[in-house]
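# Descriptive analysis of the structure
Spelled out, the chains give:
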Amino acid sequence: SVTSACATLQSEKRMHRSRNSSILAWGYHRTTTTAAATLKSTSLLHHSTTTAFGYSTNNPRRNNSRRTYVSAPSILQSKLDGAPSRRPPSSNYHTTPTTLLSSTTHKDHDPPPLLDARTYMTDTTTTPNPKTIPTPKALSPSSAACFKACPQSYLFQYLFNIKQPTNQALAKGSMCHSALEKVFELEPMERTLENLQNLLRKVWAEKRLSTAYRPLFDYDTEEEEDGGGQSEPKRNREAERKWGMEGLRLLENYYELEDPRLVPRPNPIEREVWVNAKLTINPSLGVTGYAGRSNTTPTDDDLPSSDGNDAADPPGGDTFLVRGIVDRLDYVAAPPSPRSRRTTSPDDEMGVLRIIDYKTGKAPNFKYSPAMNEKIANDTTWQLKIYALLLREMMASTNSHRRQKASNLQNLSGEELRLLRLMYLTSSSETNGAAKYLDMDLGETQEERDRILQNVHGELADIWKNILRLVETQDPREFVHCDQKWCFCHTARARFVSGSVYTRP
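Cut-offs and rules
- Counting from 1, residues in each chain are numbered in the order their sequence is written.
- Residue-level local features of this predicted model are given only where pLDDT is at least 70; pairs of side-chain atoms are given and counted only at 80 or more, and the full residue set underlies all totals for whole chains, interfaces and linings.
- Hydrogens and water molecules were not included; the side-chain quantities draw on all heavy atoms of the structure.
- Only DSSP runs of H or I covering at least 4 residues are called helices, and only runs of E covering at least 2 are called strands; the numbering of each starts at the N terminus.
- Each residue's exposure class comes from its accessible area (1.4 Å probe, protein chains only) as a fraction of the maximum for that residue type: buried when under 20%, exposed when over 50%, partly exposed otherwise.
- Here, two residues are considered to be in contact whenever any of their heavy atoms come within 4.5 Å of each other.
- Areas reported as accessible are Shrake-Rupley estimates using a 1.4 Å probe. Residue values count occlusion only from the protein chains shown.
- When DSSP locates at least two bridges between a pair of strands, those strands are taken to pair.
- Note on method: axes are straight lines fitted to C-alpha atoms, helices fitted across the in-contact stretch only, with angles between N-to-C directions ranging 0 to 180 degrees.
- Residue count minus one, scaled by 1.5 Å, sets the expected span of a helix.
- The term salt bridge refers to a side-chain nitrogen of Lys or Arg lying within 4 Å of a carboxyl oxygen of Asp or Glu.
- Under this definition, polar contacts are N or O atom pairs within 3.5 Å; protein pairs additionally need one hydrogen-donor-capable and one acceptor-capable atom, and for neighbouring residues in sequence, both atoms have to be side-chain atoms.
- Among buried residues, those of type Ala, Val, Leu, Ile, Met, Phe, Trp, Tyr and Cys that are joined through side-chain atoms within 4.5 Å constitute a nonpolar core.
- In this scheme, a crossing is called left-handed if the near helix is turned counterclockwise away from the far one by less than a right angle; it is called right-handed if the turn is clockwise.
- Note on residue categories: nonpolar means Ala, Val, Leu, Ile, Met, Phe, Trp, Tyr, Cys or Pro, charged means Asp, Glu, Lys or Arg, and polar means any other residue, Gly included.
- Aromatic pairs are defined between Phe, Tyr and Trp rings, using the six-membered ring for Trp, whenever the two ring centres lie within 6.5 Å; interplanar angles under 30 degrees are classed as stacked, those over 60 as edge-to-face, and all others as tilted.

Now for the overall build of the protein. When its secondary structure is counted, the protein shows 13 helices and nine strands. Put simply, the protein has 505 residues, and 46% of those count as buried. Long-range pairs, those at least 24 residues apart, make up 76% of the contacts in the protein between residues at least 6 apart in sequence. For the protein, the computed accessible surface area is about 25400 Å², with 50% contributed by carbon and sulfur atoms.

Here the focus is the sheet that holds strand 7 (residues 351–362). Here we have five strands laid out as an open sheet, ordered 5-6-7-8-9, and mixed in their pairing. Two strands bound the open sheet, and with one partner strand each, they are strand 5 (270–280) and strand 9 (436–441). On average, adjacent strands in this sheet sit at an angle of 40 degrees to one another, irrespective of strand direction. Lying over the sheet, helix 8 (residues 237–257) contacts strand 6 (319–333), strand 7, strand 8 (417–426) and strand 9, oriented at roughly 135 degrees with respect to strand 8.

Proline 266 follows arginine 265 through a cis peptide bond whose omega is 10 degrees. That bond from asparagine 267 to proline 268 is cis: its omega, -10 degrees, falls within 30 degrees of zero. In this fold, proline 268 is placed in the loop between helix 8 and strand 5. The phi torsion at asparagine 161 lies on the positive side, around 60 degrees, for a residue other than glycine. Mapped onto the fold, asparagine 161 is located in the loop between helix 5 (151–159) and helix 6 (168–182). Residue asparagine 161 is classed as buried on the basis of its relative accessible area, which comes to 4%. For glutamine 474, which is not glycine, the phi torsion reads 50 degrees and is therefore positive. In this fold, glutamine 474 is placed in the loop between helix 12 (446–473) and helix 13 (488–493).

Moving on, we come to helix 7 (residues 193–207). Helix length check: helix 7, at 15 residues, gives a terminal C-alpha distance of 22 Å against a target of 21 Å (1.5 Å per residue), a fit within 8%. The buried count for helix 7 comes to twelve of 15 residues, which makes it a mostly enclosed element.

Under the criterion given, the structure shown has 24 salt bridges. Residue arginine 118 is joined to aspartate 116 by a salt bridge in which the shortest nitrogen-to-oxygen separation is 3.0 Å. The partly exposed category is assigned to arginine 118, whose relative accessible area is 34%. Judged by its relative accessible area of 25%, aspartate 116 falls in the partly exposed class. Between aspartate 450 and arginine 392 there is a salt bridge, with its nearest N and O atoms 3.0 Å apart. Of this pair, aspartate 450 sits in helix 12 while arginine 392 sits in helix 10 (residues 382–396); the two residues are 58 residues apart in sequence, bridging distant segments of the chain. One exposure class covers both aspartate 450 and arginine 392, and it is buried. Here the salt bridges share partners, and the residues they tie into one network are Arg208, Arg214, Asp218, Arg235 and Glu240.

Below, the discussion takes up the environment of glutamate 258. Looking at the secondary structure, you find glutamate 258 in the loop between helix 8 and strand 5. A relative accessible area of 11% places glutamate 258 in the buried class. The spatial distance from the C-alpha of glutamate 258 to the C-alpha of alanine 435 is 9.2 Å, given a sequence separation of 177 residues. Beyond its immediate stretch of four places on either side in the chain, glutamate 258 contacts Phe184, Val263, Arg328, Met423 and Tyr437. Polar contacts involving the side chain of glutamate 258 include one to the side chain of arginine 328, which spans 2.9 Å.

Below, the discussion takes up the nonpolar core. Among the nonpolar cores identified, the biggest contains 60 residues, and Leu139, Phe156, Phe160, Leu279, Phe320, Ile355 and Leu460 are the most heavily contacted of them. Per element, the largest residue contribution to this core is ten residues, and it comes from helix 10. When sequence neighbours within four positions are dropped, the list of residues in contact with phenylalanine 156 reads Asn161, Ile162, Phe488, Cys489, Ala492, Arg493, Phe496 and Val501.

Where helix 7 meets helix 8, the closest approach of the two axes is 10 Å, and the angle between their N-to-C directions is 145 degrees. Here the hand of the crossing between helix 7 and helix 8 comes out right-handed. When helix 7 is examined against helix 8, the residues Leu193, Leu196, Gln197, Leu200, Arg201 and Trp204 are found in contact with a partner set consisting of Glu240, Trp243, Gly247, Leu248, Leu251, Glu252, Tyr254 and Tyr255. When the residues that make up the contact of helix 7 with helix 8 are grouped by side-chain class, the tally is nine nonpolar, two polar and three charged.

The subject of this paragraph is the pairing of strand 6. Within strand 6, eleven of the 15 residues are buried, leaving the element largely enclosed by the surrounding structure. Note that strand 5 and strand 6 share ten bridges and pair antiparallel. Looking at strand 6, one finds that arginine 271 is bridged to arginine 328.

With that out of the way, let us pick up the pairing of strand 8. Every other side chain in a regular strand lies on the same face of the sheet, so the side chains alternate between the two faces. Among the ten residues that make up strand 8, ten are buried, leaving the element largely enclosed by the rest of the structure. Relative to strand 8, strand 7 runs parallel, the two being bridged by eight bridges. Bridged to aspartate 357 within strand 8 is leucine 422. As defined by bridge partners, strand 8 adjoins strand 9 across six bridges and the pair is classed as antiparallel. Across the sheet, arginine 421 pairs through a bridge with aspartate 439, a residue of strand 9.

All told, the structure shown has 13 aromatic pairs when counted by the stated rule. Centre to centre, the rings of tyrosine 154 and tyrosine 158 are 5.4 Å apart; their planes meet at 25 degrees, and the pair counts as stacked. With tyrosine 154 and tyrosine 158 both in helix 5 and four residues apart, the pair spans about one turn of that helix. Classification of tyrosine 154 by relative accessible area gives buried; the value is 1%.

No statement about biological role is implied by the geometric values presented.
Here it is as structure tokens:
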């Protein structure tokens, strides 16, 4: 009964007040027997409050429904939470990120002493010639883009391992990504907007008091005591509620753009899948290398050999590892082509792979000259082109161990890799802007597609060589900074002794 449920709710509220005090609430919900619908109250008894994170008890659309509280069955918990992580162990030079910068600073604390970048990362294991700057082990789309934009920011984040403090925008993106991944674990007709938004509530309830996210909504100095005499930083509850509402609105925008109940099986064929490949320093020796030579068809020599490692070494020349995580892969019908009439019936339709990446920032505005608009489109899709290149190299490999890690891709080939899609969850600086697609077709023919990917391979090789060239100098002052006011380099540079890192005159 509602009376019994409310009594239990009040008891649980008193027991967990010190840990879960917040104005977040999981709301009242209709009685149901389906597993997905009970997701609505998965965290209800452990995160009880009086107002709603997303909708309130006086919502007129919900007033006429019978309300009760139910607990989520264990099978749903194991389904949503028990899956092993797809992320491999970190291979950074240092496994633990350096705690150098904090999102909050107590007013009574003295600032930490300045650091000397020339001795900050000295590795004594390399004596008699200790290394000040470590050699990176791999590139990722984000690290490559960081180096292109600001070498000094790359030095701080990826070589000195100084991570930016999590901010509200990054946290919102991470929570929305998690919800969009997990919604496809539900049966198609259970992928409702309400369940999708409750997935965001659930993942935030699990992580909101973690080390990474707790400072986002904690006041610096004010403390409150719970019933047991314990004190904890006071939460900025209104800010947390507003932030949560913005995340729910982004998911509503997504739902208006794409109804996940209508995504046909077996899509998505992959979600949050790691892709990696050892690319050759000489781009002409890679799988797509023939596209940069006079011949226009790949030969057996263009395919990488198998050596039993996680990423096989292509023949001929030095290599470097590039890896990243693809949000989603779909298998869809090939777009119609005015140049080719390959299909005469639905049974003859060609299928292609589409790489999808979710973006919680606003969609780019193509309001400039054709040349500038083309540059914006190329810049925004560059990360997806890297994923396409890595998948192309992986699919061409005969390494069964590597193919096994992306089991749903084992029956596909690089020839089917064609479409790119950025899915922006808002089109304005506010979350109430409509969601939009930004699609790109790599080309109708294999030669067209490989030519584009070959150019990306060349860009990555140049970035890798430039990074190694700067690392070899073992001088942090060789990594120049940018002029973008929002760049992390300006914040991190202030923590180092003047003259130990590059500063523009």
